[in-house]
Amino acid sequence: MPRQPVLEVRDLEVTFASERGVARVVDGVSFDLAPGRTLGLVGESGCGKSLTALALLGLVPPPGQIAGGTVRLDGRDLLALTEAERDAVRGRRIAMIFQEPMTALNPVFTVGDQIAEVLRVHGGVPRRQALETAVAMMGRVGIADPQARADAFPHQLSGGMRQRVMIAMAMICRPDVLIADEPTTALDVTVQAQILDLMLGMQAEFGTAILFISHDLGVVSEVADDVMVMYAGRIVEHSPATSLFSAPLHPYTLGLLQALPRVDRHLGRPPAMRGGMPDPCALPRGCRYSDRCPMAENMCRTREPSLNGAGAGRWVACLKVAP
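What you see is a predicted model; the values in this text were computed from it and never measured.

Visitor: Explain unusual backbone geometry here, please?
Guide: Residues other than glycine predominantly adopt negative phi, and peptide bonds predominantly adopt the trans conformation. Of note, the amide linkage connecting P62 to P63 takes the cis form, showing an omega dihedral of 5 degrees. Residue placement: P63 occurs in the loop between α1 (49-56) and β4 (64-73). The phi torsion at A232 lies on the positive side, around 50 degrees, for a residue other than glycine. Structurally, the position occupied by A232 is in the loop between β9 (226-231) and β10 (234-240). For A232, a relative accessible area of 9% puts it in the buried group.

Visitor: Please clarify how the environment of L12 should be interpreted in this entry.
Guide: Note on placement: L12 falls in strand β1 (residues 7-18). Distance from L12 to S158, taken between C-alpha atoms, is 36 Å for residues 146 residues apart in sequence. Leaving out residues up to four positions away in the same chain, L12 has contacts with V26, D27, G28, V29, T52, A55, L56, I66, G68, G69, V71 and L79.

Visitor: When you look at the packing of helix α4 (residues 111-123) against helix α7 (residues 159-171) in this model, what are you seeing that I'm missing?
Guide: If you want to describe how two helices pack, look at the angle between their axes and the distance between the axes. The geometry of α4 relative to α7 is characterised by a closest axis approach of 8 Å and an angle of 20 degrees between their N-to-C directions. Relative to α7, α4 is oriented roughly parallel. Helix-helix and strand crossings are classified by hand; for α4 and α7 the assignment is right-handed. Contact with α4, carried on its side by V111, Q114, I115 and V118, involves V165, A168 and M169 of α7 and no other residues of that element. Looking at the contact of α4 with α7, its residues break down into six nonpolar, one polar and no charged.

Visitor: It is not clear to me how empty space enclosed by the protein should be interpreted in this structure. Could you clarify?
Guide: It is a probe the size of a water molecule, rolled over the atoms, that shows where empty space is left. Evaluation of the coordinates by the stated rule reveals four cavities of 30 Å³ or more. The space that makes up the largest cavity amounts to roughly 110 Å³. Together, 14 residues line the largest cavity, and P251, C287, C293, C300 and C318 are the ones closest to its centre. By residue class, the composition of the lining of the largest cavity is 11 nonpolar, two polar and one charged.

Visitor: How should I be thinking about the sheet that holds β10 in this particular structure?
Guide: Within a beta sheet, neighbouring strands are joined by backbone hydrogen bonds and run either parallel or antiparallel to one another. Pairing within the open sheet is mixed, and its eight strands lie in the order β6-β7-β8-β3-β9-β10-β12-β11. Since the sheet does not close on itself, it has two edges, and those belong to β6 (94-97) and β11 (308-311), each with one partner. Direction aside, the axes of adjacent strands within the sheet are offset by 20 degrees on average. Taken together, the five bridges between strand β7 (residues 177-181) and strand β8 (residues 209-214) define a ladder with parallel strand orientation. Looking at β8, one finds that D181 is bridged to I213. Across the sheet, α1 touches β3 (38-42), β6, β7, β8 and β9, and the angle it forms with β8 is around 150 degrees. Against the sheet, helix α11 (residues 251-258) engages β9 and β10, with an angle of about 100 degrees to β9.

Visitor: Sorry if this is basic, but what is going on with the environment of R128 here?
Guide: Inspection of the secondary structure assignment puts R128 in helix α5 (residues 127-140). According to the relative accessible area criterion, R128 is exposed, its value standing at 67%. Spatially, the C-alpha atom of R128 lies 41 Å from that of V42, the residues being 86 residues apart in sequence.

Visitor: In this structure, what is going on with the domain arrangement of the chain? I would like to understand it.
Guide: Bring the parts together and some accessible area is lost; that lost area is often taken as the interface size. Taken domain by domain, the chain holds domain 1 (7-231) and domain 2 (235-262 + 284-323). Centre-to-centre, using C-alpha coordinates, domain 1 lies 28 Å away from domain 2. Contacts between the two partners involve 19 residues from domain 1 and, on the opposite side, 17 residues from domain 2. The largest share of the area that domain 1 buries against domain 2 comes from L217, V229 and Y231, three residues that together contribute 46% of it. Counting across the domain 1 and domain 2 interface gives two salt bridges. R292 is the salt-bridge partner of E44, the closest N and O atoms lying 2.9 Å from each other. Where domain 1 touches domain 2, the interface holds eight residue pairs in polar contact (both at pLDDT 80 or more). Ranked by residues supplied to the side of domain 1 that touches domain 2, first place goes to β9 with six residues.

About the criteria used
Going along each chain's sequence as written, the residues are numbered from 1 onward. This being a predicted model, a pLDDT of at least 70 is required before a residue's local features are given, and a value of 80 or more before pairs of side-chain atoms are given or counted; all residues contribute to the totals for chains, interfaces and linings. Working from all heavy atoms in the structure, the side-chain values ignore hydrogens and water. Put simply, DSSP marks the helices as runs of H or I at least four residues long and the strands as runs of E at least two long, and each gets a number from the N terminus on. Classification of residues uses two cut-offs on accessible area relative to the type maximum, computed with a 1.4 Å probe and protein chains only: under 20% is buried, over 50% is exposed, and between them is partly exposed. Here, two residues are considered to be in contact whenever any of their heavy atoms come within 4.5 Å of each other. Lines are fitted to the C-alpha atoms to define the axes, a helix being fitted only along its stretch in contact, and any angle between axes, read from their N-to-C directions, falls within 0 to 180 degrees. Put simply, angles under 35 degrees are roughly parallel, angles over 145 are roughly antiparallel, angles from 65 to 115 are roughly perpendicular, and the rest are oblique. Whether a crossing is left-handed or right-handed is set by the direction in which the near helix is turned from the far one by less than a right angle, anticlockwise for left-handed and clockwise for right-handed. Side-chain classes follow a simple rule in which Ala, Val, Leu, Ile, Met, Phe, Trp, Tyr, Cys and Pro form the nonpolar group, Asp, Glu, Lys and Arg form the charged group, and the remainder, Gly included, forms the polar group. A cavity here means a set of 1 Å grid points, computed over protein atoms only, where a 1.4 Å probe fits but cannot escape. A pocket is an open set with protein on both sides within 12 Å along at least 5 of 7 lines, and lining residues have an atom within 4 Å of a point. Grid points are joined across faces, edges and corners, and a volume is the space filled by probe spheres set on the points. Two strands qualify as a pair provided that DSSP identifies no fewer than 2 bridges between them. Here the bounds of each domain stem from an automatic or database domain assignment. Put simply, buried area is how much 1.4 Å-probe accessible surface two parts lose in total, over both of them, once they are put together. The term salt bridge refers to a side-chain nitrogen of Lys or Arg lying within 4 Å of a carboxyl oxygen of Asp or Glu. Polar contacts, as used here, are pairs of N or O atoms within 3.5 Å; protein pairs need one atom able to donate a hydrogen and one able to accept it. Residues neighboring in sequence count only if both atoms are side-chain atoms.

Spelled out as C-alpha cells, the structure:
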C-alpha cells in the first residue's frame, strides 16, 4: 500500500522582476514525496531546479519571490508560516544539502561547532552534549578520527569531507525531508559513490524522504525511485525511474539521455542537443522546447502542453504523446 506523502507541493511559482519584465522561473511545479522515497529532479543548468529547492524552504533570494502555490509538510503549508515559524521547521523537519559546501559552511567556526549548533537551536541541547552528539554523527558519516576533525575549519578538510559534514548537519535532527542539491558535484567518482551510499544508508535508517537534484542523469538513475524532468521552469515529464530511463516519453528527456556517454557506444562524441535554455523573459510561444525539438510541428509552436497522465504512473507535457 502506498505511503501517505510527507511533502505535497502544488502549483509552486517563483518570479523575478526586471526591467525586461517578469520572469517566471518556476512555473506551476507540483509533486508529492513519501517517506523513504527518493524523487530525482533533473534538467540543464538554469532550468529552475535549485530555485525550486530554495522555494520549498522559503529561501528564494531577492529580487525573486514566491508568487503562488503551496508547500505542505504533513498538511501544514510552509509558505503560510511566519519567518520565525519557518526557522523552527528548517533544519529540524526539512533540511538541505547545498551545492557547494565550501560556501555553505561558515569559514570562521569549526565544523564540530557548526554541526552542534543545529542541535542547540532546534533541540535546546546543552553545548557540551550537542558537541558530543556532533562528533558521534561525524563518525557515522564516515569521517575518520571525528574527535580531531571536529576542531577543524572547513578549509582544512577535503571536498569529500566537507560534503560529509554537510550531510551530518542535515541529518543530525533526523528530518522528515532532505533536499540534496547537486550533492556530488565536483567530487571524484570514488568519493561520489561513497556519498551516495551514505545518503541512501541514512535514508534507510531514518525513513527520510529525499528530493535529489542533479543535472547528472547517470547519478539519478542510481538513487531515484521516481524522476521529474524540468525545462524552462516547468515539469515536462514525471515518471518512475525505471520507466523513464528505459522508455522516455518527452523529446527533451530523450535528448538528455542520448547525450549521456555510454560504454556500449562506438568511439566518438555522443549526439549533442542543439540550442540552449530559452530566455525566461522571452519564452517561445507554445511549447517551451519547440525551438530545439527535432519532432516539433506547427501546433507545438502555438499551443502550450499541460502535464497529462500517460498511464502506469507516468506524466508528460507533450502534444505528440497521447494521454
